[in-house]
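Listed here are the chains, written in short residue letters.
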Amino acid sequence: MEQSRLKGDGFMHILRILAAAAGVPSARNNRLLSQWEDCGVNLIDTAPCYGNGSSEKIVGEAIQGLKRDEILISTKFGLITDVYSGGYKKCATYQNTMREVESSLMNLGTDYIDFYFVHWPDVNTPIDETMAALANLKKQGKIRFVGVSNFSEEQIEEAEKYLQIDVQQPPFSMVNRTFVDLMKWGAAKGIDSMTYGSLGSGILSGAIRTLPDFAPNDLRLTFYDFFKEPKFSKIMELLKVMDQVAESHKKPVAQVAVNWSTQKDYVGTALVGVRNEQEARENCAAFDWELTDQEIQKVSHLPADAFVSHDSGAIASRFVGDVDTVEELFTSGIISMFTDTCQLCGIFFVIFAKNRGLAILLLFVLPVVFFYTRHVQKCMLASQLNNRAAIAKAAG
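Below or above, wherever it landed, is the structure these notes cover. Fair warning: this is a prediction, and the values are worked out from it, not measured in the lab. (Residues numbered from 1 in each chain as written. Predicted model: local features only at pLDDT ≥ 70, side-chain atom pairs only at ≥ 80, totals over all residues. Heavy atoms only, no water.)

Overview of the pattern of salt bridges
In plain terms, the rule: One side-chain nitrogen of Lys or Arg within 4 Å of one carboxyl oxygen of Asp or Glu is enough to make a salt bridge. We count a stretch as a helix when DSSP gives it H or I for four or more residues in a row; a strand needs E for two or more, and each element gets its number in order from the N terminus. For every residue, the accessible area obtained with a 1.4 Å probe (protein chains only) is divided by the maximum for its type, and the residue is called buried under 20%, exposed over 50%, and partly exposed between those limits.
Under the defined criterion, the tally for this structure stands at eleven salt bridges. The salt bridge partner of aspartate 114 is arginine 68, with a shortest N-O separation of 3.0 Å. A residue pair is termed long-range when its members are at least 10 positions apart, and aspartate 114 in strand S7 (residues 113-118) and arginine 68 in the loop between helix H2 (54-62) and strand S4 (72-77) qualify at 46 residues. Residue aspartate 114 shares its accessibility class with arginine 68, and that shared class is buried. Ionic pairing is found between lysine 231 and aspartate 225, a salt bridge with its closest N-O pair at 3.2 Å. If you follow the salt bridges from partner to partner, you end up with Arg68, Asp114 and Arg144 in one network.

If you want it as structure tokens, here you go:
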């Protein structure tokens, strides 16, 4: 059993591994969690946007009957499904934070959450507003530890002006070392790292040895860059070395990857997803042995910058609602106005069919309200763009 220190709460026993619940049938997840509990696993990470709440519900069903104080639950908020684009939209406002925590508590069947993460930075919501919501949730006893996911050092420092950050969740693995400096900085400040993507979306399991033909919308292509050239060929060279190390220990290649991550002193918890009981047992067994210093050096022979991500898996990922320039702001506004106008027209025709008098009144009132709201929103976004430009200028 590994131990991880979280600021302000002494030592907590956390096996550095996770069972990801999204997309797996409920009965199978119950068996998986039971298997991992037998191995000593007591941390489960999920999020409401994984399967539109189904992941949290599966976790909630699986933990019923278990001692709640022996289980650590990690979930997130601030990333909601955008009904128009089918993608995700960042929203970490006070109101949405309070709404999402109640939904997660209901899905999970619990009255508190151990680790509550801001899933992605929401540049359109002042960070003090988000931290105020989290501070209130801590006072109410609904969350224990405050976490941030995919935040930069500057964003964490800004958040800590208002509330202590206990843990961060950046991507990290043998094939993604983009945020090593961020994690070391966090460790020095007492901010633990609960890393995700430990097996590089499965590529470090060694199961894939030729460039796959994934569907264009496959998450392994849209979120990660491991299955694209030139990185794919570099990873294949790395796997050849990992094969040698795994063979010398008579262990699966995935265990080499898990050990490589968790033996770093700046990694508190490495999150790993599984599909079946065998993978669960194999991942747990990674902690029955360790890589030697020579082996770590051997599998780290490629330059670290070869595995620095510049694609959508990096913190700079773009989501619906992010704007960086006046031109993008204008385009975003036009798209948003078009979708809102379509929605208003639909509502208007429904009302017109039932009450023509009310419909005529709304015909005059709604445009005024609509354009006033858009004007306020545009002014707020423009102000945030100016503030970000001023910060960048001062930092430069």
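Quick notes on the packing of helix H3 (residues 94-108) against helix H4 (residues 127-139)
The geometry of a pair of packed helices is captured by two quantities: the angle between their axes and the separation between those axes. Filter applied, for reference: In this description, a line fitted to the C-alpha atoms serves as the axis of each element, helices being fitted only across the stretch in contact, and the angle between N-to-C directions of two axes falls anywhere from 0 to 180 degrees. We call a crossing left-handed when the near helix sits turned anticlockwise from the far one by less than a right angle, and right-handed when that turn is clockwise. When checking whether two residues touch, look at their non-hydrogen atoms; a contact exists if any pair is within 4.5 Å. Residues are grouped as follows: Ala, Val, Leu, Ile, Met, Phe, Trp, Tyr, Cys and Pro are nonpolar; Asp, Glu, Lys and Arg are charged; every other residue, Gly included, is polar.
Remark: H3 packs on H4, axes separated minimally by 8 Å, with the N-to-C direction vectors making an angle of 35°. In this structure, H3 crosses over H4, and the sense of that crossing is right-handed. Mapping the contact onto sequence places Tyr94, Thr97, Met98 and Val101 in H3 and Glu129, Ala132, Ala133, Leu134, Asn136 and Leu137 in H4. Residue composition of the contact of H3 with H4, grouped by class: seven nonpolar, two polar and one charged.

Looking at the pairing of S7
Rule in force here: Paired strands are those between which DSSP finds at least two bridges. For a crossover, the right-handed case is the one in which the path from the first strand over the helix to the second runs clockwise, viewed with the strands pointing away from the viewer.
With six of six residues buried, S7 lies mostly within the body of the structure. Across four bridges, S4 lies against S7 in parallel orientation. When the bridges of S7 are listed, lysine 76 appears paired with phenylalanine 117. Note: S7 against strand S8 (residues 143-149), five bridges, orientation parallel. Among the inter-strand pairings, phenylalanine 115 is bridged to a residue of S8, identified as phenylalanine 145. In the classification by handedness, the crossover that spans S7, the intervening H4 and the parallel S8 is right-handed.

Side note on the sheet that holds S4
Sheet architecture is open: seven strands sit in the order S3-S4-S7-S8-S9-S10-S11, paired in parallel fashion. Of all the strands in the sheet, just strand S3 (43-45) and strand S11 (269-270) have a single pairing partner and so form its edges.

Section: the side chain of threonine 97
For threonine 97, the location among the structural elements is in helix H3. Setting aside residues up to four positions removed in sequence, threonine 97 forms contacts with Phe77, Ala92, Tyr116, Ala133, Leu134 and Leu137.

So yeah, pure geometry; function would need other evidence.
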